[in-house]
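Chain and residue survey
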Amino acid sequence: MKNKKALNFLFAANTISGFAQGISMLAIPWYFASVLNDSTTFGIIYAITTIISLFWGLYAGTLIDRYSRKIIFLSTCVVSFIILFSVSLIGYYLGYVPTILVAVVFCFTIFNYNIHYPTLYAFGQEISEKHNYGKTNSLIEIIGQSTSIISGVFAALLLTGVNKAFLSQLGLSNLINFNIEPWTLYEIFMLDASTYVVAFFLILLIKYTPIKSLEVDKSSVWNRLTQGFSYLKKHPLLLHFGTASFAIFVILLIHVHQLMPIYVDKHLQANSGIYALGEMIYAVGALLSGIGIRWAFRKTNTINAIIILMFLSFIAFELLAFTKDVTMLMLVSFILGLTNAGARIVRITYLFEHIPNNIIGRTGSVFNTINIFLRFVFIGIFTLPFFNHSNNIIWAYCIGGLFILVSIIPLVMHYKNLINYKNIDE
């Protein structure tokens with residue numbers, strides 16, 4: 001691999017910043033669901049953030065295709081540090097973080113996701129040979145999910161704290177005995193801010209030679225936006241594939257940020273440790289998927305693999321809807337880790353193989369726009385008081401699972417054409 005050292009620095013920076021970011025994104029939903037007991041307000045915040053990110057996601061895609069991906073990463077590190085450090089300082093001064101600032105951190109982190117991950121994959125495509133696309137995407141998944149596992153462990157410890165009662169639940173009270181007080185949000189945000197400083201300097205060290213020169217489009221933002229739509233209009237099969245195969249991710253994000261804290265708190269009546277543990281188990285599944293997904297489906301094609309993974313996700317969400325058991329939540333979390341990460345790896349590899357690097361950001365913006373719109377619709381529905389009453393959150397999982405099942409239909413309809421797909425301009 002020609003740019004192996006550059007990829008190593010990129011992965012290291014992503015790991016360090018992603019570690020604390022993961023803890024923050026676990027802490028905030030739980031804070032609203034359990035501490036404030038106000039999941040409805042969080043749902044509204046999430047819905048507003050999602051609809052705003054619809055426009056930001058479109059613009060972000062044009063930036064990815066217009067500017068150096070290294071400069072974009074450096075810029076997001078600087079902005080992320082300023083916002084998180086400022087909010088944390090206010091928290092230290094007041095002794096708590098005002099709800100509006102908690103919302104600001106959540107909103108900003110979602111916006112950051114919208115440019116960070118598309119840039120990460122585009123950068124990986126830019127500095128990887130075509131025959132290494134699958135390997136690069138798998139490495140991104142493996143390293144990202146390894147980070148999530150560590151984040152999940154620390155989130156469980158920092159949100160719940162460690163005392164004799166906690167150790168007894170784990171059966172460790174006779175072996176070890178120590179105490180860790182639960183961290184406040186402003187302490188978690190300060191940890192998050194500090195990791196962006198480290199990531200900034202790691203990214204500065206990246207030196208690379210693009211595998212293929214990036215053909216920069218210097219036209220207006222509007223023209224660059226429309227080019228993504230125009231390209232997919234010329235290649236409708238890619239539009240069908242990209243939209244349908246995104247279904248798992250649509251529901252999974254809502255599950256992680258909106259539904260799961262309510263499910264654990266009101267349906268399972270468990271604590272934040274179970275919530276964080278579920279996220280950690282999910283990351284274990286995703287890690288294993290990153291390691292073995294290409295081997296598991298080596299004897300079949302991408303479309304068949306996506307359909308199988310989507311159907312398993314449908315079953316997993318329906319299991320959550322009709323069971324009430326912590327062990328089942330952990331099993332489903334593991335399955336969703338396997339299916340979502342696996343679908344993402346094979347999906348992105350398929351798109352990389354059929355979409356040129358100089359327009360991948362803009363076409364990605366189209367898919368993200370559709371994804372965001374669908375999330376906004378479902379978030380709006382699940383914010384209704386009905387889903388926050390008693391254990392009615394289970395019906396949200398039933399609906400989410402059915403959406404994934406329906407999304408399989410376009411893949412089945414265009415199955416043969418997608419397998420044998422060739423770009424009309426090749």
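These lines cover the structure that appears in this document, whether it is placed above or below. Predicted, not measured: the structure shown is a model, and the values here were computed from it.

Turning our eyes to something else, we now look at unusual backbone geometry. Of note in this structure, Gln269 is not a glycine but carries a positive phi near 55 degrees. Mapped onto the elements of the fold, Gln269 is located in the loop between helix 10 (247–267) and helix 11 (272–296). One non-glycine residue, Ser390, lies in the positive phi region at around 50 degrees. Within the element layout of this structure, Ser390 appears in the loop between helix 15 (385–388) and helix 16 (393–413).

Turning to the nonpolar core, a few remarks are in order. As a rule of thumb, soluble globular proteins bury nonpolar side chains together. In this structure, Leu329 and Tyr397 are the most contacted members of the largest nonpolar core, which totals 125 residues. When residues of this core are assigned to their parent elements, the largest contribution, 15 residues, is made by helix 1 (residues 4–35). Sequence-distant contacts of Tyr397, that is, excluding residues within four places in its chain, are made with His255, Leu259, Met260, Tyr263, Phe317, Glu318, Leu320 and Ala321.

Once that is clear, we can look at helix 16. When the terminal C-alpha atoms of helix 16 are compared, their 32 Å separation across 21 residues agrees well with the 30 Å that a helix rising 1.5 Å per residue should span. Inspection of helix 16 places Ile393, Ile394, Ala396, Tyr397, Cys398, Gly400, Gly401, Phe403, Ile404, Ser407, Ile408 and Leu411 among the buried residues, and these make up the whole buried set. Contact partners of the buried residues in helix 16: helix 9 (236–244), helix 10, helix 12 (302–321), helix 14 (360–382), helix 15 and helix 17 (415–419).

We now examine the packing of helix 3 (residues 69–94) against helix 4 (residues 99–126). For any two helices packed against each other, one specifies the inter-axial angle together with the distance between the axes. Interaxial distance between helix 3 and helix 4 falls to 10 Å at its minimum, and their mutual angle equals 165 degrees. Taken together, the axes of helix 3 and helix 4 lie roughly antiparallel to each other. Our pair here, helix 3 against helix 4, has a crossing hand that is left-handed. Together, Arg69, Lys70, Ile72, Phe73, Thr76, Val79, Ser80, Ile83, Leu84, Val87 and Ile90 of helix 3 and Leu101, Val105, Phe108, Asn112, Ile115, His116, Thr119, Leu120, Ala122, Phe123 and Glu126 of helix 4 make up the contact between the two elements. Each residue belonging to the contact of helix 3 with helix 4 can be placed in one class, and the counts come to 14 nonpolar, 5 polar and 3 charged.

With respect to the secondary-structure elements, Arg294 resides in helix 11. Considering only alpha carbons, one finds Arg294 and Val346, 52 residues apart in sequence, at a separation of 7.8 Å.

Thresholds applied
- Residues numbered from 1 in each chain as written.
- Predicted model: local features only at pLDDT ≥ 70, side-chain atom pairs only at ≥ 80, totals over all residues.
- Heavy atoms only, no water.
- Helix = DSSP H or I, 4+ residues; strand = E, 2+ residues; numbered from the N terminus.
- Core = buried A, V, L, I, M, F, W, Y, C linked by side-chain atoms within 4.5 Å.
- Buried < 20%, exposed > 50% of the residue type's maximum accessible area, 1.4 Å probe, protein only.
- Contact = heavy atoms within 4.5 Å.
- Expected span 1.5 Å × (residues − 1).
- Axes fitted to C-alpha atoms, helices over the stretch in contact; angles between N-to-C directions.
- Parallel < 35°, antiparallel > 145°, perpendicular 65-115°, else oblique.
- Left-handed = near helix turned anticlockwise from the far one by under 90°.
- Nonpolar A, V, L, I, M, F, W, Y, C, P; charged D, E, K, R; others polar.

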